[in-house]
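# Breakdown of the fold
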Amino acid sequence: GAGVSQSPSNKVTEKGKDVELRCDPISGHTALYWYRQRLGQGLEFLIYFQGNSAPDKSGLPSDRFSAERTGESVSTLTIQRTQQEDSAVYLCASSSSTGWNQPQHFGDGTRLSIL
Amino acid sequence: GESVGLHLPTLSVQEGDNSIINCAYSNSASDYFIWYKQESGKGPQFIIDIRSNMDKRQGQRVTVLLNKTVKHLSLQIAATQPGDSAVYFCAENYSGNEKLTFGTGTRLTIIP
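Please read these numbers as outputs of a predicted model, since none were measured by experiment. One numbering rule holds for all chains: residues counted from 1, following each sequence as written. To read the labels, note that chains go from A and ligands from 1, taken in the order they are written. Local features are withheld for residues below a pLDDT of 70 in this predicted model, meaning they are given only at 70 or higher, and side-chain atom pairs are given and counted only at 80 or more; totals for whole chains, interfaces and linings count all residues. Excluded from the side-chain calculations are hydrogens and water; all other atoms, namely the structure's heavy atoms, are used.

### A closer look at the overall build of chain A
A run of DSSP states H or I qualifies as a helix once it reaches four residues; a run of E qualifies as a strand once it reaches two. Both are numbered from the N-terminal end. Within chain A, the secondary structure is distributed over 0 helices and 11 strands. For chain A, the succession of helices and strands along the chain, N to C, is β-β-β-β-β-β-β-β-β-β-β. C-alpha atoms define the radius of gyration, and 2.2 Å times the number of residues to the power 0.38 defines the globule rule. Against the globule reference of 13 Å for 115 residues, chain A gives a C-alpha radius of gyration of 13 Å, in line with a compact fold. Burial here depends on accessible area, computed with a 1.4 Å probe over protein chains only, as a share of the maximum for the residue type. Under 20% is buried, over 50% is exposed, and the range in between is partly exposed. Considering chain A as a whole, with its 115 residues, one finds that 49% of them fall into the buried category. Considering only contacts within chain A whose residues lie at least 6 apart along the sequence, 54% involve residues at least 24 apart. Working definition of accessibility: Shrake-Rupley area with a 1.4 Å probe, residue cover restricted to the visible protein chains. Within the structure as shown, chain A displays about 5300 Å² of accessible surface, and the carbon and sulfur contribution to it stands at 42%. Between two residues, a contact is recorded if the distance between any of their heavy atoms is within 4.5 Å.

Here's what the structure looks like:
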């Protein structure tokens, strides 16, 4: 399995709790992306990393959302004080480099449900 | 603002027939386009891409056509199979921009 791996696959939590979502990109991929997909909708960009740096955080919906990447590998997306509107599938993608013409390869996502 | 949209939200096709999924984009600076297939409970799967210096690209049973004049993109799937049933998204970006902009998707259903 050399694809993008995300965990957990499903997460149910109570409103107000913090959650951490993990992404393991394809080995050697320097670029990593997080997206959010609400039910029946397209993908909404959240943040991307080039190496361990995040040049573009413009898609993060609020200051409750943060992300980090270490070792140019694993990334964690953290949502603090979760709200019901945070319920969605959170998708991670990686590509072999940044650059506008590189396809992004996706994991199967974490389905987050806030009660 | 930028937008990538689809003409039809749903499409049903008889198995074995060809299907065409359309996509319109509004950003004239867009110069890279991708089609993804997403099955239920899965992440988007890369199908085919095309750069703006081309107007046609073929893969296995799939062809992408790009008309920059009218800012239109299409995905043709030949000899459709039940496994082609999924939601298909077009996405675009442009030089210097890292994030893909996705449309809302078209649900393709193959009728046996």
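### Let's talk about the side chain of Arg-64 of chain A
All names here are of chain A. Mapped onto the elements, Arg-64 comes out in the loop between strand E6 (53–56) and strand E7 (65–69). Nitrogen and oxygen atoms within 3.5 Å of one another constitute a polar contact, given that in protein one can donate a hydrogen and the other can accept it, and given that sequence-neighbouring residues count only through two side-chain atoms. A distance of 3.2 Å separates a polar side-chain atom of Arg-64 from the backbone oxygen of Arg-81. Residues in contact with Arg-64, not counting those within four places in the same chain, are Thr-78, Ile-79, Gln-80, Arg-81, Thr-82, Gln-83, Glu-85 and Asp-86.

### Things to note about unusual backbone geometry
Of note, the bond from Ser-7 of chain A into Pro-8 of chain A is cis; its omega dihedral lies within 30 degrees of zero at -10 degrees. The phi dihedral of Ala-79 of chain B is positive, around 45 degrees, even though this residue is not glycine. Tracing the sequence through the fold places Ala-79 of chain B in the loop between strand E8 (72–77) and strand E9 (86–93).

### Description of the sheet that holds strand E1 (residues 5–7) of chain A
All names here are of chain A. Overall, antiparallel pairing links the 4 strands, which are arranged E1-E3-E8-E7 in an open sheet. Of all the strands in the sheet, just E1 and E7 have a single pairing partner and so form its edges. Along the sheet, successive strands turn relative to each other by an average axial angle of 15 degrees, direction set aside. Strands qualify as paired when DSSP identifies two bridges or more between them. The pairing of E7 with strand E8 (residues 75–79) spans 5 bridges and is classified as antiparallel. Bridge pairing in E8 links Glu-68 to Thr-76. Lines fitted to the C-alpha atoms define the axes, with helices restricted to the stretch that makes contact. Angles between their N-to-C directions range from 0 to 180 degrees.

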